[in-house]
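# Commentary on secondary and tertiary structure
Letter by letter, the chains look like this.
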Amino acid sequence: MKLREEYEKIVRDQLEEGIVEVAPETPTGDRTFYMPHKPVVRESASTTKVRMVFDASAKPHPLANSVNECMYTGPSLQPLLWDILIRARMSTHLVLADIQKAFLQIGVREEDRDAFRFLFNINGKKQHLRFTRVPFGGESSPFLLSATLNYQYDQQNKESQETVQALRENTYVDNLMQTGEEVEELEKFKREATSILESAKFPVHKWESDVEYLESEDPTNPSKILGTAWDKRDDMLEIQVPQLPDNQPLTKRGILSHLASIYDPLGMISPTTVRGKQIYRDTCDETKGWNTEVSDQLKREIGSNGLVN
């Protein structure tokens, strides 16, 4: 399927599911914003390879406010990413899952929907659409999701408090995690977490674990724990360092982009990136433009030692 067709299918499906709706000619609220959008293709994704990404920080002109600037962000209710990853390495077994379309399970009041309008061409005709659910990319969206989940946790009975506590401590945005020394602990968590979340219309999918029978159908290996590559069978984390492209000139922009592409939230390979950061500092000292090739001396240094070693 071509990208354009896949992109249009996303909007058609959301219209059918009531996630978005045709905007009325007369706004129902006091504020109206239009969000630009674009497709993002992730070939490595196991399910959704094309995503629709909105820019809620866009402004119609420099003196205007974006919808994000007009929203109250709310306090951070997320546990620390570092803490979750450390807990993931401290037990014998581990189980992960995702809340399916988590933000899109939360409704937006009718008087607020015009703040999340967008334009889309369907069958050659420009349509004015708006979200009826919380869009990903809104300044307050993470808070709204966390607050809604915490409200649901507060409604649970005493028998489920162990699972509720695990959900509070180890849910990062829409990613669930639980660790345990015994497989039975993870079985209980999977059963109770599914019941708790799906009773609030938050479907849970993509279960993954080092215990194979706890996984959903057709799991991938290696997988990821909050963006970090994880080999489930050997129980190893892998920090992936991309190669510098051979067919592109070495520029300050390229060096910074390469260093920034290394995702290492625990800082496990930080000592190996020190040299690359020193080289980037040296490129800044050359006072050349972002897209100008670095000096021959720095080229030789990068060629012999690389940026990460």
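These lines cover the structure that appears in this document, whether it is placed above or below. Note that the coordinates shown come from a computational prediction; the quantities given were computed from them, not determined experimentally.

What holds strands together in a sheet is hydrogen bonding between their backbones, with the strands either parallel or antiparallel. Judged by pairing direction, the sheet is antiparallel, and its three strands sit side by side in the order β1-β6-β5 without closing on themselves. Looking at which strands have only one partner, the edges of the open sheet turn out to be β1 (20–22) and β5 (117–122). Direction aside, the axes of adjacent strands within the sheet are offset by 40° on average. Pairing between β1 and strand β6 (residues 125–131): three bridges, direction antiparallel. When the bridges of β6 are listed, valine 22 appears paired with leucine 129. The strands touched by helix α1 (residues 3–17) are β1, β5 and β6; relative to β5, the strand with the most contacts, the crossing angle is about 115°.

Another aspect to go through is empty space enclosed by the protein. Inspection of every chain in the model, using the stated rule, returns one cavity of 30 Å³ or more. The volume enclosed by the largest cavity comes to roughly 30 Å³. Lining the largest cavity, in full, are Ala88, Arg89, Ser91, Thr92, His93, Leu94, Asp210, Trp230 and Asp235. Residue composition of the lining of the largest cavity, by class: three nonpolar, three polar and three charged.

Here we take up the layout of surface pockets. Here the second largest pocket defines a volume of roughly 410 Å³. In terms of residue class, the lining of the second largest pocket is made up of 10 nonpolar, five polar and five charged.

In this section: helix α2 (residues 81–88). For the α-helix, the turn length of 3.6 residues means that residues three or four positions removed from each other point alike. For α2, the set of buried residues is Leu81, Ile84, Leu85 and Ala88. The buried residues of α2 occupy an angular sector of 95° when projected down its axis, which confines them to one face. Turning to α2, the residues buried within the fold contact β4 (93–99), α4 (161–170), β7 (175–180) and β9 (223–225).

Enumeration according to the criterion identifies six aromatic pairs in this entry. Aromatic pair tyrosine 7 and phenylalanine 120: ring centres 5.7 Å apart, planes at 55°, arrangement tilted. Here tyrosine 7 is found in helix α1, whereas its partner phenylalanine 120 is found in strand β5, with 113 residues between them in sequence. When its relative accessible area of 9% is taken as the criterion, tyrosine 7 is described as buried. Residue classification places phenylalanine 120 among the buried residues on the basis of a relative accessible area of 7%. Ring plane angle 80° and centroid distance 6.4 Å describe the contact between phenylalanine 189 and tryptophan 207, whose orientation is recorded as edge-to-face. Of this pair, phenylalanine 189 sits in helix α5 (residues 183–198) while tryptophan 207 sits in strand β8 (residues 204–209), and the two are 18 residues apart along the sequence. For the pair shown, phenylalanine 189 and tryptophan 207 are each scored as buried. Of the aromatic side chains, those joined through ring pairs into one cluster are Phe54, Phe118 and Phe131. Note that lysine 252 overlies the ring of tryptophan 290, its terminal NZ or CZ placed 4.6 Å from the centroid.

Bringing the sheet that holds β9 into the picture now. Strand order in the open sheet formed by three strands is β9-β10-β11, with antiparallel pairing between adjacent strands. On the outer flanks of this sheet lie β9 and β11 (236–238), each paired with one strand and no other. Direction aside, neighbouring strands of the sheet carry axes that sit 45° apart on average. Pairing analysis gives three bridges linking strand β10 (residues 228–231) to β11, with the strands arranged antiparallel. Of the residues in β11, the one forming a bridge with aspartate 231 is methionine 236.

Before going further, it helps to spend a moment on the environment of valine 41. Mapped onto the fold, valine 41 is located in strand β2 (residues 37–41). For the pair valine 41 and arginine 51, spaced 10 residues apart in the sequence, the C-alpha separation amounts to 6.5 Å. If sequence neighbours within four positions are ignored, valine 41 has contacts with Leu3, Lys49 and Val50.

Our next topic: the pairing of β10. Here β9 pairs with β10 via three bridges, running antiparallel. Bridging across to β10, isoleucine 225 finds its partner in threonine 228. Linking two consecutive strands that pair antiparallel, namely β9 and β10, is a turn of two residues; a positive phi of about 50° is found at leucine 226 within it. Here β10 folds back onto β11 in antiparallel fashion, the turn holding four residues, of which aspartate 235 has a positive phi close to 55°.

Another point: unusual backbone geometry. A cis amide bond links asparagine 221 to the next residue, proline 222, at an omega of 5°. Looking at the element boundaries, proline 222 is found in the loop between β8 and β9. Although it is not a glycine, lysine 206 adopts a positive phi angle of roughly 55°. Among the secondary structure elements, lysine 206 is positioned in strand β8.

Rules of the game
What you see as residue numbers is a count from 1 along each chain, following the sequence as written. Reporting of local features is limited, given that this is a predicted model, to residues whose pLDDT is at least 70; pairs of side-chain atoms are given and counted only at 80 or more, and all residues count toward the totals for whole chains, interfaces and linings. By convention in this description, side-chain values take in all heavy atoms of the structure and omit both hydrogens and water. Strands qualify as paired when DSSP identifies two bridges or more between them. A helix here means a DSSP run of H or I that spans at least four residues, while a strand means a run of E at least two residues long, and both kinds are numbered starting from the N terminus. As a rule, the C-alpha atoms of each element are fitted with a line to give its axis, helices using only the stretch in contact, and angles between N-to-C directions run from 0 to 180 degrees. The contact definition used throughout considers only heavy atoms, calling two residues in contact when any of these lie within 4.5 Å. Cavities and pockets were defined on a 1 Å grid built over protein atoms only: a cavity is a set of grid points that admits a 1.4 Å probe from which the probe cannot escape, a pocket is an open set flanked by protein on both sides within 12 Å along at least five of seven lines, and lining residues are those with an atom within 4 Å of any such point. Grid points are joined across faces, edges and corners, and a volume is the space filled by probe spheres set on the points. All amino acids are sorted into three groups, where Ala, Val, Leu, Ile, Met, Phe, Trp, Tyr, Cys and Pro are nonpolar, Asp, Glu, Lys and Arg are charged, and the leftover types, Gly among them, are polar. Any residue under 20% of the maximum accessible area for its type is buried, any over 50% is exposed, and the rest in between are partly exposed; the area is computed with a 1.4 Å probe on protein chains only. The directions considered for the arc run from the helix axis to the C-beta atoms. For Phe, Tyr and Trp, rings pair up if their centres lie within 6.5 Å, where Trp contributes its six-membered ring, and each pair is then called stacked (planes under 30 degrees apart), edge-to-face (over 60) or tilted (otherwise). Distance and angle both matter: a charge sits over a ring if NZ of Lys or CZ of Arg is within 6 Å of the ring centre and within 35 degrees of the ring normal.

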